[in-house]
Amino acid sequence: MIALRDVTFQYRSDSTPVLDGVDLTLAPGALTALRGPSGCGKSTLMYLCGLMLTPQDGEVLLNGRTVSHLPDRHRSRLRAASIGFVFQDAMLDTTRSVIDNVTEGAAFTGRAPRDIAARAHALLAEFELSDHARAKASSLSGGQSQRVALCRALVKAPTVILADEPSGNLDRANGDRVVDRLRDEAHRHGTSVLVVTHDDRLAARCDASIEFEVLSAHRSAAP
Ligand SMILES: Nc1ncnc2c1ncn2[C@@H]1O[C@H](COP(=O)(O)OP(=O)(O)OP(=O)(O)O)[C@@H](O)[C@H]1O
Ligand SMILES: [Mg+2]
């Protein structure tokens, strides 16, 4: 479970907050869509949930524990062990192979390397990427890179998955497959999954949908 409690965040002290008094709870076992116009703060919200940014006010809770103001190295450790993040632009290490990209972060989960490798190859097969396992990540298309980024998040079997437009570069069939896979992961393993999408059709495949404007309306209604 991940939750934001009355979270306010601004990138610079002289700018208006991107998030102001936002409350959000991502229930275990559910896939939630996050929607809203470009620039409204969806990625920022994901980075806060992913413990990559720290709110100026309010708190972030992971499995019921306040984690937002822990020292950097503690947050990094929690992130590595418990959170799978799919960046909007994949963010693969293009100097390394596809399989290394998928497995590298999972070492910090404490799972046996052999299990991680087996799971990584199974995921690559599921997303029709087996032929690229030994290729450099720089040789992949945008859509292939996004699917590798998804495999990298799933391989850890994390308690929380945050996927920032994981279907942005994908055709309809692959987009459906990604969202269905995230929903399966949530339902089967009790994972809390948040997915940013602009696509109404994909949002309809999720268990719940949040409009960023509603979070904003909520915050302006707050005392
Ligand atoms: N590193 C940064 N420094 C300063 N401002 C930033 C930074 N990153 C984002 N912003 C600003 O914060 C606001 C929210 O950006 P964010 O990337 O969260 O939007 P988004 O909803 O994810 O947009 P998109 O749908 O285009 O991905 C924008 O006004 C953006 O310009
Ligand atoms: Mg974004």
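Values in this document were obtained by computation on a predicted structure and should not be read as measured data.

A. Spatial organisation of the overall build of the protein. The number of helices and strands found in the protein is 8 helices and 9 strands. The C-alpha atoms of the protein give a radius of gyration of 17 Å, which matches the 17 Å a tight globule of 223 residues would have. Taken along the three principal axes of its C-alpha coordinates, the protein extends 55 × 40 × 35 Å. Put simply, the protein has 223 residues, and 51% of those count as buried. In the protein, the proportion of contacts linking residues at least 24 apart, taken out of those at least 6 apart, comes to 71%.

B. View of the coordination of the magnesium ion (ligand 2). Distances from the magnesium ion (ligand 2) to its protein donors, Ser43 (OG) and Gln88 (OE1), fall within 2.1 to 2.4 Å. Placement of the pair is serine 43 in helix 1 (residues 42–49) and glutamine 88 in the loop between strand 6 (83–86) and helix 3 (98–104), with a sequence separation of 45 residues. Take glutamine 88: its relative accessible area is 38%, and that puts it in the partly exposed class.

C. Here's a closer look at the pattern of salt bridges. All told, the structure shown has 15 salt bridges when counted by the stated rule. Here aspartate 100 and arginine 96 are joined by a salt bridge, their closest N and O atoms 3.8 Å apart. For aspartate 100, a relative accessible area of 31% puts it in the partly exposed group. Each of Asp176, Asp180, Arg183, Arg201 and Arg205 takes part in a single network of salt bridges with overlapping partners.

D. Quick look at unusual backbone geometry. In this structure, glutamate 128 is a non-glycine residue whose phi angle is positive, near 55 degrees. Position of glutamate 128 among the secondary structure elements: in the loop between helix 4 (113–126) and helix 5 (142–154). With relative accessibility at 58%, the residue glutamate 128 sits in the exposed group. One non-glycine residue, glutamate 165, adopts positive backbone phi at about 50 degrees.

E. Structural context of the environment of alanine 163. Looking at where alanine 163 falls in the secondary structure, it is placed in strand 7 (residues 160–164). Spatially, the C-alpha atom of alanine 163 lies 6.5 Å from that of phenylalanine 87, the residues being 76 residues apart in sequence.

F. Looking closely at the environment of aspartate 6. Among the secondary structure elements, aspartate 6 is positioned in strand 1 (residues 2–9). Considering only alpha carbons, one finds aspartate 6 and proline 55, 49 residues apart in sequence, at a separation of 9.6 Å. Ignoring anything within four residues of it in the chain, the contact list for aspartate 6 reads Gly21, Val22, Asp23, Asp57 and Gly58.

G. Summary view of the sheet that holds strand 7. Taking strand neighbours across the sheet as the criterion, the 5 strands line up as 6-7-8-3-9 in an open arrangement whose pairing is parallel. This sheet does not close on itself; its edge strands, each paired only once, are strand 6 and strand 9 (208–211). Within this sheet the neighbouring strands show an average axis-to-axis angle of 15 degrees, counted without direction. Judged from the 4 bridges that link them, strand 6 and strand 7 form a sheet pairing that is parallel. When the sheet's bridge partners are listed, phenylalanine 85 is paired in strand 7 with leucine 162. Along the sheet, helix 5 contacts strand 6 and strand 7; its crossing angle with strand 6, the most-contacted strand, is approximately 175 degrees. The strands that helix 6 (residues 172–189) touches are strand 3 (30–35), strand 7 and strand 8 (192–196); relative to strand 3, the one it contacts most, it runs at about 135 degrees.

H. Expanded view of the state of the cysteines. Summed over the entire model, instances satisfying the criterion amount to 0 disulfides. As a non-bridged cysteine, cysteine 49 has cysteine 40 as the owner of its nearest cysteine sulfur, 13 Å distant.

I. Expanded view of the site of ligand 1. Taken together, 13 residues lie around ligand 1, and Ser38, Gly39, Lys42, Ser43 and Thr44 are the ones closest in. Within the side chain of serine 38, a nitrogen or oxygen atom sits 2.6 Å from an oxygen atom of ligand 1. Residue glutamine 88 places a side-chain N or O atom 2.9 Å away from an oxygen atom belonging to ligand 1. Expressed as a share of its isolated accessible area of 640 Å², the protein-covered part of ligand 1 is 58%. In terms of residue class, the shell around ligand 1 is made up of 4 nonpolar, 7 polar and 2 charged.

So, how was this worked out
- Residues numbered from 1 in each chain as written.
- Chains lettered and ligands numbered in written order.
- Predicted model: local features only at pLDDT ≥ 70, side-chain atom pairs only at ≥ 80, totals over all residues.
- Heavy atoms only, no water.
- Helix = DSSP H or I, 4+ residues; strand = E, 2+ residues; numbered from the N terminus.
- Rg over C-alpha atoms; globule rule 2.2 N^0.38 Å.
- Buried < 20%, exposed > 50% of the residue type's maximum accessible area, 1.4 Å probe, protein only.
- Contact = heavy atoms within 4.5 Å.
- Donors = N, O, S within 2.8 Å, 3.2 Å for Na, K, Ca; no water.
- Salt bridge = Lys/Arg side-chain N within 4 Å of Asp/Glu carboxyl O.
- Pairing = 2+ DSSP bridges.
- Axes fitted to C-alpha atoms, helices over the stretch in contact; angles between N-to-C directions.
- Disulfide = S-S within 2.5 Å.
- Near = heavy atom within 4 Å.
- Polar contact = N/O pair within 3.5 Å; in protein donor to acceptor, adjacent residues only side chain to side chain.
- Areas by Shrake-Rupley, 256 points an atom, 1.4 Å probe, with all protein chains shown as cover.
- Nonpolar A, V, L, I, M, F, W, Y, C, P; charged D, E, K, R; others polar.

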